[in-house]
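Inside the fold
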Amino acid sequence: MKQKIAMFGGTFNPIHNGHLNLVRQFQEQMHFDRILLIPTSVPPHKPDDGLISGEHRLAMCHIAARPYPFLQVCDLEIKRGGSSYTWQTLEQLGQVYPRAEIFLLVGSDMFLTVEHWVKPERIFQLCTICAGARNMDEFAVLKQHAQLLFSQYGAKTQVLDLKVLPLSSTEIRQRIREGKSIDQLVPAEVEEYIRREGIYR
Ligand code: ATP
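Note that the coordinates shown come from a computational prediction; the quantities given were computed from them, not determined experimentally.

1. Remarks on the pairing of strand β4 (residues 101-107)
A large share of β4 lies buried, amounting to 6 of its 7 residues. Pairing of strand β1 (residues 4-10) with β4, which is carried by 4 bridges, proceeds in the parallel orientation. Residue pairing for β4: Ile5 is matched across the bridge by Ile102. Pairing of β4 with strand β5 (residues 128-133), which is carried by 5 bridges, proceeds in the parallel orientation. Each residue of the ladder has a partner; that of Gly107, found in β5, is Gly132.

2. With respect to helix α8 (residues 169-177)
Buried residues of α8: Ser169, Ile172, Arg173 and Ile176, and no others. Down the axis of α8, the buried side of the element spans an arc of 100 degrees, and every buried residue falls inside it. Gly179 sits one or two residues past α8 and shows a positive phi near 75 degrees.

3. Some points on helix α9 (residues 188-197)
Taken together, the buried positions of α9 are Val190, Glu191, Tyr193 and Ile194. Down the axis of α9, the smallest arc covering the buried residues is 160 degrees, so these residues share one side. Residues of α9 that are exposed and point more than 90 degrees away from the buried face comprise Ala188 and Arg196. Where α9 is buried, its residues contact α2 (54-65) and α8. Phi turns positive one or two residues past the end of α9, at Gly198, with a value near 65 degrees.

So, how was this worked out
Residues numbered from 1 in each chain as written. Predicted model: local features only at pLDDT ≥ 70, side-chain atom pairs only at ≥ 80, totals over all residues. Heavy atoms only, no water. Buried < 20%, exposed > 50% of the residue type's maximum accessible area, 1.4 Å probe, protein only. Helix = DSSP H or I, 4+ residues; strand = E, 2+ residues; numbered from the N terminus. Pairing = 2+ DSSP bridges. Arc of directions from axis to C-beta. Contact = heavy atoms within 4.5 Å.

The structure is reproduced here in structure tokens:
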């Protein structure tokens with residue numbers, strides 16, 4: 001059987017329990033051999049809103065991944081530097097894992113815009129995209145989008161029904177700036193790292 005390798009990319013500024021909850025559920029349903037957490041270098045879709053260094057974001061991903069044997073942190077995009085394009089990362093993963101089946105894990109917002117990313121056809125050639133819906137209404141919308149991606153691009157996709165925690169890194173950064181607690185929103189060791197390093201203040 002082919003190895004199943006999934007990539008989960010993001011700014012992870014910082015990584016939070018919403019991300020971890022998502023990968024845990026993907027893993028429960030899809031049984032990957034490995035899920036790679038890949039923090040982006042400079043995200044092409046986002047303005048630079050308080051983006052801290054790649055080293056800090058990688059360090060927090062390493063701490064957060066520790067309890068999960070299937071999670072592995074990958075510094076490929078941070079090492080490559082410049083704008084992080086998913087098609088490039090998928091090509092590199094194809095070289096590292098030439099015999100594996102590659103999956104791309106995304107939240108529903110990302111799934112609905114994936115055909116507007118740079119080189120979408122290349123992305124669809126290189127992987128199966130897995131998207132998590134938050135409820136049955138969203139499930140129907142994502143399923144419809146999956147149909148469109150298949151008919152227009154022959155894209156392989158999988159839409160899963162997941163329970164999503166309503167939480168964002170933006171909210172966490174804001175809470176830290178306002179001196180509010182981020183207990184239960186990120187793993188305790190990540191909270192400790194943020195406090196020790198004095199980041200996001
Ligand atoms: P920011 O608030 O800085 O924009 P974010 O919380 O959205 O950050 P990202 O690092 O941009 O986090 O997201 C990486 C991936 O995680 C994306 O595919 C996004 O859809 C997904 N994601 C983000 N937050 C959640 C959440 N609470 N539950 C499930 N998926 C999430």
